[in-house]
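Here is what each chain is made of, one letter per residue.
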Amino acid sequence: MLLIPCPFCGDRDETEFAYGGEAGNERPADPGAATDEAWTDYLCFHDNPKGPHRELWFHRDGCRRWLTVERDTWTHELRSARLSRP
Amino acid sequence: MAAMQRYSIFSLLRGALSGHRDWQPAWRAPEPKSSYDVVIVGGGGHGLAAAYYLARNHGITNVAVLERGWIGGGNTGRNTTIVRSNYLLPENQRFYEHSLKLWEGLSRDLNYNVMFSPRGVINVFHTDAQRDYWIRRHNGMRYAGIDAELLTRADLARLVPALDLSPGIRHPIVGGVIQPRGGVARHDAVAWGYARAADALGVDIIQDCEVTGIDVEAGRVTGLQTSRGPIGAGRVGLAVAGHSSRLAEMAGIRLPIETHLLTATVSEPVKPFMDKVVSVAAAHVYVSQTDKGEVLIGGTLDGYNSWSQRGSPARLEDILSAACEYFPRISRLRQLRHWAGVMDMSMDGSPIIAKLPVEGLAMTGGWCYGGFKATPASGWCLAWTLANDAPHALNAPFSLERFRTGAVLDENGAGPVAWGH
């Protein structure tokens, strides 16, 4: 069970959150101008580390803010969590 | 190499009369040679099947299978043993039906009882929309010559007396579909049977041998670094679903795969009460009773990237509460154990059985949570791809390029969300 340290609400159970995948995978600003390669990378080719991972969580049943969380995918250690947008 | 000791009623009688003291080990434990024509990484069902079909179908016997742990100790031992070919997309239908046909002859083929039990796989649904979807999917199967039938509530009451069909539950069941030829098989026996049959054809099965690096020279694979020393290889096949990303990374290849957990659980054994596999659409939970009498329950993904092999208690509670809702009589059974397997979740929910962008390197992976039923055809297709340096028509659609060309195989229409399939 993950206890995610929401900077707004405190330590909260994972069941309150929705997972949003890899952080920092920005949608191309102008999709029409993005190459097929860039678009495919954005959609399909993500980091999949066995270890520290920066990822997005939405506090669905809490403050309803998006968080950027650093979590170890092997030990489930939660290293940090901050609001994705101030 | 001694000839394989064939199993039969006569060998069993001979064994009984001699006090079971002269059984041969099912496969050898050779030291790795300095090089092989083909090395398969991963001694699960898929990798062992690939080695077996390389030797049997293609006459390539200078083959090694490298297994980090022991045979049957990886994801092969963590699945829920279900075998079916009830797919909607033609590419999936052809592939999984080929697999099911291999299952039907597998015990005889391997001279090993894989305990394939075609007891019927049922999906139940709860709404008109789900009914339309399942009818469409099963009509698609019938067009493709695959067995599929629609079940009324009366049929369900007859086939699965343990199922709660009362109208008062949260999501009442309005009907179901069945693939009668689907069923279950003994997961360990599949690995052991392929290992024994491959070994008999000359394949070296090397356990306790972890691959730590893939040697690539001028764009071509030349060998592997392992915990038991370097091993040269003409061609290499990766069959390490759950860890495909890590192995591909050793060759500098990025895959459209994320690793997620799927929880399953088994109860204490009880007398037989259910001889079908039942999957419940409302909760994504599937229940069967094993030959030992345990109630085997599989669930859905934890929903976030993880390699921990430890499922979340919250998800376990979801799975068990759903199972108890639809099978009230299991509610007082004690759970013997639960576990979570690591899944290669691909971006369209379909596997990758393909050559990789390094010469001589191919993979089977991206199995999401449907790899067990694919074991024979996955190995068959990987063997073909390695032997011919080109995919067979059955696995050509399961390429790596499809994610760039857009020819994805998204059975559920979920889009490129790894945990959405």
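Residues numbered from 1 in each chain as written. Chains lettered and ligands numbered in written order. Predicted model: local features only at pLDDT ≥ 70, side-chain atom pairs only at ≥ 80, totals over all residues. Heavy atoms only, no water.

Secondary structure summary: chain B contains 11 helices and 18 strands in total. If one aligns the C-alpha atoms of chain B with their principal axes, the spans along those axes are about 65 × 60 × 40 Å. Buried positions account for 57% of the 421 residues belonging to chain B. Across chain B, every contact between residues at least 6 apart in sequence was considered, and the portion connecting residues at least 24 apart equals 75%. (Helix = DSSP H or I, 4+ residues; strand = E, 2+ residues; numbered from the N terminus. Buried < 20%, exposed > 50% of the residue type's maximum accessible area, 1.4 Å probe, protein only. Contact = heavy atoms within 4.5 Å.)

Turning next to the overall build of chain A. The secondary structure content of chain A amounts to 1 helix and 6 strands. Counted from the first residue to the last, chain A has its helices and strands arranged as β-β-β-α-β-β-β. In terms of overall dimensions, chain A has a C-alpha envelope of 40 × 30 × 20 Å along the principal axes. Within chain A, the proportion of its 86 residues that are buried is 36%. Sequence separation of at least 24 residues holds for 44% of the intrachain contacts in chain A that already meet a minimum separation of 6. Element-wise, carbon and sulfur atoms account for 48% of the exposed surface of chain A, whose accessible area totals about 4,700 Å². (Areas by Shrake-Rupley, 256 points an atom, 1.4 Å probe, with all protein chains shown as cover.)

All names here are of chain B. Examined against the element boundaries, R196 turns out to sit in helix α7 (residues 187–200). Summary of buried charges: R196 has no salt-bridge partner, and the nearest side chain of opposite charge, D199, is 8.1 Å away. Beyond its immediate chain neighbours, meaning those up to four positions away, R196 contacts M4, Q5, R6, Y7, A26, W27, L110, N111 and Y112. (Lys, Arg positive; Asp, Glu negative; His and termini not counted. Salt bridge = Lys/Arg side-chain N within 4 Å of Asp/Glu carboxyl O.)

Take the interface of chain B and chain A next. Counting from both sides, the interface comprises 26 residues of chain B and, opposite them, 25 residues of chain A. The contact between chain B and chain A buries some 2,300 Å² in all, and 51% of this surface belongs to carbon and sulfur atoms. At the boundary of chain B with chain A, the tally comes to 3 salt bridges. The shortest N-O distance in the salt bridge between A:D41 and B:R404 comes to 3.2 Å. Counting across the interface, chain B meets chain A through 16 residue pairs in polar contact (both at pLDDT 80 or more). Mapped onto the side of chain B that touches chain A, the elements with two or more residues apiece are α8 (244–250), β12 (257–267), β15 (295–305), α9 (313–326) and α11 (402–405) of chain B. In terms of residue class, the side of chain B that touches chain A is made up of 11 nonpolar, 9 polar and 6 charged. (Buried area = accessible area lost by both parts, 1.4 Å probe. Polar contact = N/O pair within 3.5 Å; in protein donor to acceptor, adjacent residues only side chain to side chain. Nonpolar A, V, L, I, M, F, W, Y, C, P; charged D, E, K, R; others polar.)

This part covers the packing of helix α2 (residues 45–58) of chain B against helix α10 (residues 371–388) of chain B. Residues and elements named next belong to chain B. Remark: α2 packs on α10, axes separated minimally by 7 Å, with the N-to-C direction vectors making an angle of 45°. By the criterion of interaxial angle, the relationship of α2 to α10 is oblique. Every pair of crossing elements has a handedness; the one defined by α2 and α10 is right-handed. Here the residues of the contact of α2 with α10 sort into 12 nonpolar, 9 polar and no charged. (Axes fitted to C-alpha atoms, helices over the stretch in contact; angles between N-to-C directions. Parallel < 35°, antiparallel > 145°, perpendicular 65-115°, else oblique. Left-handed = near helix turned anticlockwise from the far one by under 90°.)

All names here are of chain B. Across the sheet, which stays open at both edges, the 8 strands sit in the order β5-β6-β4-β13-β14-β15-β12-β16 with mixed pairing between neighbours. Here the strands that pair on one side only, and so sit at the sheet edges, are β5 (149–151) and β16 (335–346). Averaged over all pairs of adjacent strands, the angle between their axes in this sheet comes to 25°, without regard to strand direction. As paired strands, strand β4 (residues 121–125) and strand β6 (residues 175–179) are joined by 5 bridges and run antiparallel to one another. Each residue of the ladder has a partner; that of N123, found in β6, is V177. Of the strands in this sheet, β12, β13 (277–280), β14 (285–289), β15 and β16 touch α9, which is tilted by about 145° from β15. (Pairing = 2+ DSSP bridges.)

Residue and element names in this part refer to chain B. Under the counting rule described, the total for this entry stands at 20 aromatic pairs over all chains. Note on Y52 and Y53: the rings are 5.0 Å apart at their centroids and 65° apart in plane angle, and the pair reads as edge-to-face. Of the two residues examined, Y52 and Y53, each falls in the buried class. Here the aromatic rings of F95 and F398 are separated by 5.3 Å at their centres, their planes lie at 65°, and the arrangement is edge-to-face. Residue F95 is found in helix α3 (residues 90–104), and its partner F398 is found in the loop between α10 and α11; the two are separated by 303 residues along the sequence. Exposure class is identical for F95 and F398. Each is buried. (Phe/Tyr/Trp six-rings, centres within 6.5 Å; stacked < 30°, edge-to-face > 60°.)

With that settled, the discussion passes to the pattern of salt bridges. Residue and element names in this part refer to chain B. One pass over the full model with this rule turns up 27 salt bridges over all chains. K276 is paired through a salt bridge with D275; the nearest N and O atoms lie 3.6 Å apart. Given the relative accessible area of 12%, K276 is considered buried. Across the pair E294 and K292 runs a salt bridge, and its minimum N-O distance is 3.9 Å.

With that settled, consider the sheet that holds strand β4 (residues 52–58) of chain A. As a general point, the strands of a sheet are linked pairwise by backbone hydrogen bonds and lie either parallel or antiparallel. Residues and elements named next belong to chain A. With antiparallel pairing, the 4 strands of this open sheet are ordered in space as β3-β4-β5-β6. Edge positions in the sheet fall to β3 (18–22) and β6 (78–83), since each of these pairs with one other strand and no more. Across the sheet, the axes of successive neighbouring strands diverge by a mean angle of 30°, strand direction being ignored. Of the pairings in the sheet, the one linking β3 to β4 comprises 4 bridges and is antiparallel in character. Its bridge partner being in β4, A18 is matched across the sheet by F58.

It is worth stressing that arrangement in space is one thing and function is another; only the former is reported here.
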